[in-house]
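Summary of structural features
Here's the letter readout for the chains.
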Amino acid sequence: MESSPPLFDVDESQAALFHALAEPTRLALLQHLSTGEHRVRDLVDHLHLAQSTVSKHLACLRDCGLISSRSEGRASWFSLTDPERLRSLLALAAAMLSGAGAAPTVHEHLHDPRVGGGPADEGDPLDASGPPDDGIPLGEAGPR
């Protein structure tokens, strides 16, 4: 059987980019940064997360080239490096999911044995009934 060449190439940098985009907190950070430049303190207050957690996520996003930072005194200001391309990428992801009729959730993916997940562990806050619905859409994180 004859095979055709791949339609696209993949490399580790693409894997790193998709890894960065695979974390809901990082997506919430990107969404908030789409409103403009923000200090770490602003992001901590908005997401109600520890400063160390926000800084860790910002470092991942910066390493992938999704955000940049500038210093002003003791503060660091963060912004999106290419908001239009990021918007286009996320719109394409939504179109791909919609076109496939898919609407997966992080919980379902993590616990789906078909993709290497398994049933929720006892005591796992994401048990088989799913995460609690706090009524807060992605990007509008409430207290954790």
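Residues numbered from 1 in each chain as written. Predicted model: local features only at pLDDT ≥ 70, side-chain atom pairs only at ≥ 80, totals over all residues. Heavy atoms only, no water.

Digging into the sheet that holds strand β1 (residues 38–39)
Here we have three strands laid out as an open sheet, ordered β1-β3-β2, and antiparallel in their pairing. What marks the edges here is a single partner per strand, and that holds for β1 and β2 (67–72). Looking at chain direction, β1 and strand β3 (residues 75–80) are connected through two bridges and run antiparallel. Looking at β3, one finds that His38 is bridged to Phe78. (Pairing = 2+ DSSP bridges. Helix = DSSP H or I, 4+ residues; strand = E, 2+ residues; numbered from the N terminus.)

A short note on the packing of helix α3 (residues 40–47) against helix α4 (residues 51–63)
At a closest axis distance of 9 Å, the pairing of α3 and α4 adopts a crossing angle of 115°. Accordingly, the angle class assigned to the pair α3 and α4 is roughly perpendicular. The interaxial crossing formed by α3 with α4 has right-handed handedness. Judged by residue contacts, Val40, Leu43 and Val44 of α3 engage Gln51, Val54, Ser55 and Leu58 from α4. Here the residues of the contact of α3 with α4 sort into five nonpolar, two polar and no charged. (Axes fitted to C-alpha atoms, helices over the stretch in contact; angles between N-to-C directions. Parallel < 35°, antiparallel > 145°, perpendicular 65-115°, else oblique. Left-handed = near helix turned anticlockwise from the far one by under 90°. Contact = heavy atoms within 4.5 Å. Nonpolar A, V, L, I, M, F, W, Y, C, P; charged D, E, K, R; others polar.)

Quick look at the nonpolar core
Counting residues in hydrophobic clusters, the biggest one holds 20 residues, and the most contacted among them are Leu30, Val54, Leu58 and Ile67. Apart from the residues within four sequence positions on either side, Leu58 is in contact with Leu29, Leu33, Val40, Leu43, Ile67 and Phe78. (Core = buried A, V, L, I, M, F, W, Y, C linked by side-chain atoms within 4.5 Å. Buried < 20%, exposed > 50% of the residue type's maximum accessible area, 1.4 Å probe, protein only.)

What about the pattern of salt bridges?
Any two side chains of opposite charge can pair, so long as their charged atoms come close to each other. Scanning all chains against the criterion turns up six salt bridges. The residue Glu72 makes a salt bridge to Arg70 at a minimum N-O spacing of 3.0 Å. Classification of Glu72 as partly exposed rests on a relative accessible area of 44%. Given a relative accessible area of 35%, Arg70 falls into the partly exposed group. Ionic pairing is found between Arg85 and Asp82, a salt bridge with its closest N-O pair at 3.6 Å. Each of the salt bridges in this network shares a partner with another, and the network as a whole consists of Glu37, Arg70 and Glu72. (Salt bridge = Lys/Arg side-chain N within 4 Å of Asp/Glu carboxyl O.)

Side note on the pairing of β2
Sheet topology note: the β2/β3 ladder contains six bridges and is antiparallel. Within β3, the residue paired with Ser69 across the bridge is Phe78. Between β2 and β3, which follow one another and run antiparallel, lie two residues, and Gly73 among them has a positive phi close to 65°.

Points about the side chain of Arg26
Residue placement: Arg26 occurs in helix α2 (residues 24–33). Glu23 provides the closest opposite charge to the buried, unpaired Arg26, separated from it by 5.0 Å. A polar side-chain atom of Arg26 sits 3.0 Å from the main-chain carbonyl oxygen of Ala20. Not counting residues within four places of it along the chain, the set of residues in contact with Arg26 comprises His19, Ala20, His57, Cys60 and Leu61. (Lys, Arg positive; Asp, Glu negative; His and termini not counted. Polar contact = N/O pair within 3.5 Å; in protein donor to acceptor, adjacent residues only side chain to side chain.)

These figures come from the coordinates and say nothing about function on their own.
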